[in-house]
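So you can see what is in the structure, the chains are spelled out below.
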Amino acid sequence: MQRKSYQRKQKRVKRTRKALTLFIAFTSAIVVAFIALRVYVQVAGAPPLTVPKASIFLDENENQIGDHFTNERRYWVSRDEMSPYLTKAVVAVEDKDYYKHGGFDFSRIAGALLIDLKAGGKVQGASTITQQYARNLYLSHEKSWTRKLNEALYAYRLEVFYNKDEILEGYLNTVYYGHGMYGVEAASRFYFGKSAKDLTLAEAAMLTGIPKGPSIYSPIANLEKATNRQHVILKLMADQGAITQDEKTRAENEKLVLKNDSWVATKSVAPFFLDVAWQEASEILKSKNLDISEGGWTIQTTLNLEHQKAAEEAVAKHMPADDLQTAFVSMKSNTGSVTALVGGRDYATSSFNRVTQAKRQPGSTIKPILYAAALENGYTPLTYLNVGETTFTYDHGRATYAPKNVNGKFANHDMSMAQAIAISDNIYAVKTLEEIGFKAFHNMADRFNVNIGTKDNLSIALGTTETTLYEMTNAYNILASQGKKTTPTTIVSIKNANGDIIYENKEVEKEDETVLSKEHTYILTEMMTGIFDPVFSDYSPATGIGIRSRMTHTYAAKSGSTNSDQWLIGFTPSLTAGVWNGYDQGKNLTAREDTASTKQIWIDFMEAVNKGTKNEDFTKPKDVKGAVIDIESGKLATDACPKQRLVYMAAKDVPTEKCSNFDILDTNTWGKFWNMLPFSIFKD
């Protein structure tokens, strides 16, 4: 018995010695690691407290046209120049133990680690303010353990060489607040039109909520979500004793006044264009697991300064002195490269981009897409329909639809597609949709990437489904590109701060995908030149007659109008341009100046950029034939038929019958007459 007791005692001694040895070894390893880390940190020295570099924009010829985030350098402010509510709010929501820890909150790290292990990846963050500042300064926002380890190392170095107030100051001057604003001073001026030192508690809490998700919690993007987050922050501040309950209540009830419209990008060329380019570059870098907010990018764009100048001058010249708004965009047919973009009358007054963001009814500019579908379903430019006043029945006879033309009049005869598109006859369009079916129209709209909705309603033939000018202009650009798919782009290349090429648009050439055959594209394009030809005028003039006298080049185009919108989109073989005019609130267009400016802006631009250049003809496919047609009958024209025009169609569709069997000036007519006489002398 004593022997067994002795053996158990010996085993306990051995286990104790082993455990003690392991503990000493583990402790020694930790001590050595900390000593090594400290030595490394001392050798490495203090990390520089630099701010993200500005990103610069270049035009298509590599001339600098603007930059982004220079405001962060320009508006760096000290802690003394910030509202005390800002620092209290940031500490409350981001890192309540900021002044207690040495750069790491181990309780938060442990909790986040458990969540990550359960999820099987890096999903939960536990970063302190110091860690976030380290990431903003030196690292990407990639969610990986490697990045997290580097972040911790930088955070420790910051804590060793800088005090808490210095780190917090740097964090507040580098954090991203959305809309291109870095740092509290730039953000305060952008959102509230005041310096950061003058922010109220309510304003400070609102700003503090934005960095968690600038696209979600910006009060400009979503005021309701921003306000909810502001209240969360105010509650945290009160719970932690940073403010009183009375202060919290007053701040929650304070009505905030946003003044972002007063922000002026005075040093940027084409600010609306640059906004689109920045967004596109952001998406490109995101697809490569890079964050555009790191800065230092050199972004070469597709902007053509001459085109931009021509567009801006045309807008300035023809917009009336009222609240009418405008949108303009031009793009190259073979690449989709956007050469100019004007998103509104004044960026300083409103940065809302009416080219890419405003969704409006396109009116009759949708008709070329409808007629492209019709051409694929047996129609020709000489397909005649009765376009008298018509009431359509739908929904199995339970409802009716009676479209009208813009002037309230109707034709008293059958009309060809060629003439219908020239004068924008609405009855022809609705009858075409009724005959070819909704499926064919939806299919064609999908191919052109144009939204016409999902409902089968005859009114969609007249452009009642809202879309953007950007989308519609690209659809016309496909026609200019002989039916080949094009995708609008503002980016040529992106380089990082070291000059390495991160992205290069090698697709700046025509894509191989065919949207519409060359034959149908050419036939449709030639019909779209008819809007400038008075021979098509009928109960209503051809819609482009008003600017015909100013044309020195061949253009294909289509206009569109609703009660509150005016559109004109057109192209040459190499360039497409679209213009929209209307009121932001959808007010009806009644003044003549409001309805006239669209076409004048468009022709001003097209003539300016094509001045001194050779006229371009659209390339005719070999299977397409042209014939001089009497537009009233659709037959081959003779001198006896005055309303005649050269019309292009498939060779098999060219008519053989003449518009008149007797033409006093036609030698063939007289030849038949002489052959009828019995006397050979007269025949000779």
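On a predicted model such as this, the values are computed, not experimentally measured, just so you know.

A word on the overall build of the protein. Counting its secondary structure elements, the protein contains 23 helices and 16 strands. Taken across its 684 residues, the protein has 50% of its residues classed as buried. Partitioning the intrachain contacts of the protein with sequence separation of at least 6 by distance along the chain shows that 69% fall at a separation of at least 24. Of the roughly 33,300 Å² of accessible surface on the protein, 51% is carried by carbon and sulfur atoms.

Next up on the list: helix α9 (residues 201–209). Burial analysis of α9 places nine of its nine residues in the buried class, which makes it a mostly covered element. Where α9 is buried, its residues touch α3 (84–94), α8 (184–192), α10 (214–217), α11 (223–239) and α12 (245–253).

Further remarks concern a nonpolar patch on the surface. There is a patch of nonpolar side chains on the surface, built from I220, L223 and L258 and spanning about 220 Å² of accessible area. Looking at the element boundaries, L258 is found in the loop between α12 and α13 (271–287).

With that out of the way, let us pick up the packing of α9 against α11. Two elements in contact, α9 and α11, have axes whose closest approach is 8 Å; the angle formed by their N-to-C orientations is 110 degrees. Accordingly, the angle class assigned to the pair α9 and α11 is roughly perpendicular. Crossing of α9 over α11 shows right-handed handedness. Here L201, A202, A205, M206, T208 and G209 of α9 lie close against α11, whose contacting residues are A226, T227, R229, Q230, I233, L234 and M237. Across the contact of α9 with α11, the residue classes break down as eight nonpolar, four polar and one charged.

Not every positive phi belongs to a glycine, and S424 is a case in point at roughly 60 degrees. Note that S424 resides in the loop between α16 (417–423) and α17 (426–436). Positive phi outside glycine occurs at Q482, with the angle close to 60 degrees. Tracing the backbone through its elements, the reader meets Q482 in the loop between α19 (469–480) and β10 (491–495). Classification of Q482 by relative accessible area gives partly exposed; the value is 29%.

Next up on the list: the confidence of the model for the protein. When pLDDT is averaged along the protein, the result is 84; 81% of the residues meet or exceed 70. Throughout residues 119–125 the model reports pLDDT below 50, and contacts reaching past four residues in sequence, or to other chains, amount to 13 contacts. Within the model, the stretch residues 263–267 combines pLDDT values under 50 with ten contacts to residues more than four positions away or in other chains.

As a further point, take a positive patch on the surface. Together, R8, K11, R12, K14 and R15 give the surface a local cluster of positive charge. Note on placement: R15 falls in helix α1 (residues 2–44).

Residue placement: T365 occurs in the loop between β5 (338–342) and α15 (367–376). Residue T365 is classed as buried on the basis of its relative accessible area, which comes to 0%. The residues contacting T365, other than those within four sequence positions of it, are M472, Y476, K558, S559, G560, W567 and I569. At 2.7 Å, the side chain of T365 and the backbone oxygen of P362 are in polar contact.

As a further point, take the pairing of strand β14 (residues 575–582). Most of β14 sits inside the fold, with eight of its eight residues counted as buried. Neither face of β14 is left uncovered, since the one carrying L575, A577, V579 and N581 and the one carrying T576, G578, W580 and G582 both have all their residues buried. Of the pairings in the sheet, the one linking strand β4 (residues 325–332) to β14 comprises eight bridges and is antiparallel in character. Opposite V329, over in β14, you have G578 as the bridge partner. Inspection of the sheet shows strand β13 (residues 565–571) paired to β14 by seven bridges, in the antiparallel sense. Across the sheet, the residue bridging to G570 is A577, located in β14. Between β13 and β14, which pair antiparallel and follow one another directly, the connecting turn spans three residues.

This brings us to the nonpolar core. I299, L341, Y371, F448, I494 and L524 are the most contacted members of the largest nonpolar core, which has 92 residues in total. Setting aside chain neighbours within four positions, we find I494 in contact with A281, I284, L285, W297, T298, I299, D500, I501, I502 and Y503. One finds F192, M206, I210 and A226 within the second-largest nonpolar core, a separate group that totals 30 residues.

Here the focus is the packing of aromatic side chains. Both the distance between ring centres and the angle between the ring planes are used here to describe each pair of aromatic rings. In total, this model carries twelve aromatic pairs according to the counting rule given. Aromatic ring contacts, followed pair by pair, group F190, Y191 and F192 into a single cluster. When the ring centre of Y98 is taken as reference, the NZ or CZ atom of K164 above it lies at 4.4 Å. In this structure, K587 packs its charged tip against the face of Y583, placed 4.2 Å from the ring centre.

Structurally, S364 is set in the loop between β5 and α15. S364 gets classed as buried once you look at its relative accessible area, which sits at 9%. On a C-alpha basis, the gap between S364 and G560 in space is 4.2 Å, while along the polypeptide they are 196 residues apart. The contact partners of S364, leaving out residues within four places of it in the chain, are S424, N426, L462, K558, S559, G560 and S561.

Here the focus is the packing of α15 against α17. In the contact formed by α15 and α17, the axes pass within 10 Å of each other and the chain directions differ by 45 degrees. Between α15 and α17, the angle is such that the two are oblique. α17 is crossed by α15, and the crossing has left-handed handedness. Contacts from K367, L370, Y371, A373 and A374 in α15 reach N426, Y428, A429, T432, L433 and I436 in α17.

Let us now look at the side chain of S218. Tracing the sequence through the fold places S218 in the loop between α10 and α11. At 2.8 Å, the side chain of S218 and the side chain of H179 are in polar contact. What S218 contacts, discounting residues up to four positions off in sequence, is H179, Y191, I210, G213, L223 and A226.

The rules behind each value
Residues numbered from 1 in each chain as written. Predicted model: local features only at pLDDT ≥ 70, side-chain atom pairs only at ≥ 80, totals over all residues. Heavy atoms only, no water. Helix = DSSP H or I, 4+ residues; strand = E, 2+ residues; numbered from the N terminus. Buried < 20%, exposed > 50% of the residue type's maximum accessible area, 1.4 Å probe, protein only. Contact = heavy atoms within 4.5 Å. Areas by Shrake-Rupley, 256 points an atom, 1.4 Å probe, with all protein chains shown as cover. Patch = residues over 30% accessible without salt bridge, like charges linked within 9 Å, V, L, I, M, F, W, Y side chains within 5 Å. Salt bridge = Lys/Arg side-chain N within 4 Å of Asp/Glu carboxyl O. Axes fitted to C-alpha atoms, helices over the stretch in contact; angles between N-to-C directions. Parallel < 35°, antiparallel > 145°, perpendicular 65-115°, else oblique. Left-handed = near helix turned anticlockwise from the far one by under 90°. Nonpolar A, V, L, I, M, F, W, Y, C, P; charged D, E, K, R; others polar. pLDDT = per-residue confidence, 0-100. Lys, Arg positive; Asp, Glu negative; His and termini not counted. Charge placed at Lys NZ, Arg CZ, Asp CG, Glu CD. Polar contact = N/O pair within 3.5 Å; in protein donor to acceptor, adjacent residues only side chain to side chain. Pairing = 2+ DSSP bridges. Core = buried A, V, L, I, M, F, W, Y, C linked by side-chain atoms within 4.5 Å. Phe/Tyr/Trp six-rings, centres within 6.5 Å; stacked < 30°, edge-to-face > 60°. Lys NZ or Arg CZ within 6 Å of the ring centre and 35° of its normal.

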